[in-house]
Amino acid sequence: VQLVESGGGLVQAGGSLRLSCAASGLTFRMHPMGWFRQAPGKDREFVAGINWSDGSTYYADSVKGRFTISRDNDKNTVDLRANSLKPEDTAVYYCAAGQYGAGQSVRSIQYDFWGQGTQVTVSS
């Protein structure tokens, strides 16, 4: 299984970025997908998730209303659209695939596969 993120970079506060994750080696449409992030000196935290069964989405309170997660089961990709970015959004962002057929989870331990991460830096 391979997950490859792209789309990170440097952006000013208030700006937007779109992160993308390309998955291979798994039955993508049957896995819940998530985005997590880790800032320097902090634990990895859940950002957004999307279910495999109905495409429903869920978000951390800190990003609700600003970030949007989506998936394309034909292309095996999951995207994270981040708007109104704040300096506190600065982190390495990771794409993750949950267990086959599993329900939603905000816990990193429930995700089996991880990408290498992409840096997002928001300047004030």
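Computed from a prediction, not measured in an experiment: that's the story for all the values here.

1. Points about the overall build of the protein chain
- For the protein chain, the count of helices and strands is zero helices and 11 strands.
- Scanning the protein chain from its N terminus toward the C terminus, one meets helices and strands in the order β-β-β-β-β-β-β-β-β-β-β.
- Here the protein chain has a C-alpha radius of gyration of 13 Å; the compact-globule value for 124 residues is 14 Å, and the two agree.
- Along the first, second and third principal axes, the C-alpha set of the protein chain runs to 40 × 25 × 25 Å.
- Split into buried and exposed, the 124 residues of the protein chain put 45% on the buried side.
- Counted over contacts in the protein chain with a minimum sequence separation of 6, partners at least 24 positions apart contribute 60%.
- Looking at the protein chain as shown, the accessible area adds up to about 6,200 Å², and 45% of this sits on carbon and sulfur atoms.
- Seen as two clouds, the 12 positive and the 11 negative side-chain charges of the protein chain have centres 2 Å apart.

2. As for the packing of aromatic side chains
- The tally for this structure, following the rule as stated, stands at five aromatic pairs.
- Between Phe36 and Tyr111, the ring centres sit 5.1 Å apart and the planes meet at 80°, which makes this aromatic pair edge-to-face. On the criterion of sequence distance, the pair formed by Phe36 in strand β4 (residues 33-38) and Tyr111 in strand β10 (residues 111-114) is long-range, its members being 75 residues apart. As far as the burial class goes, Phe36 and Tyr111 line up, both buried.
- Through successive ring pairs, a cluster of aromatic residues spans Phe36, Phe46, Tyr58, Tyr111 and Trp114.
- Cation over ring: Arg44 sits above Trp114, and NZ or CZ is 4.7 Å from the ring centre.

3. Some thoughts on the nonpolar core
- Of all hydrophobic cores here, the largest spans 34 residues; its most connected members are Trp35, Val78, Leu80 and Tyr93.
- Elements with a minimum of two residues in this core: β3 (17-24), β4, β5 (45-50), β6 (57-59), β7 (67-72), β8 (77-82), β9 (91-98) and β11 (118-123).
- Examining the composition of this core, we find that five residues originate from one element, β9, more than from any other.
- Setting aside chain neighbours within four positions, we find Tyr93 in contact with Glu5, Leu19, Trp35, Phe36, Arg37, Val47, Phe67, Leu80, Gly117, Thr118 and Val120.

Calculation criteria
- Residues numbered from 1 in each chain as written.
- Predicted model: local features only at pLDDT ≥ 70, side-chain atom pairs only at ≥ 80, totals over all residues.
- Heavy atoms only, no water.
- Helix = DSSP H or I, 4+ residues; strand = E, 2+ residues; numbered from the N terminus.
- Rg over C-alpha atoms; globule rule 2.2 N^0.38 Å.
- Buried < 20%, exposed > 50% of the residue type's maximum accessible area, 1.4 Å probe, protein only.
- Contact = heavy atoms within 4.5 Å.
- Areas by Shrake-Rupley, 256 points an atom, 1.4 Å probe, with all protein chains shown as cover.
- Lys, Arg positive; Asp, Glu negative; His and termini not counted.
- Charge placed at Lys NZ, Arg CZ, Asp CG, Glu CD.
- Phe/Tyr/Trp six-rings, centres within 6.5 Å; stacked < 30°, edge-to-face > 60°.
- Lys NZ or Arg CZ within 6 Å of the ring centre and 35° of its normal.
- Core = buried A, V, L, I, M, F, W, Y, C linked by side-chain atoms within 4.5 Å.

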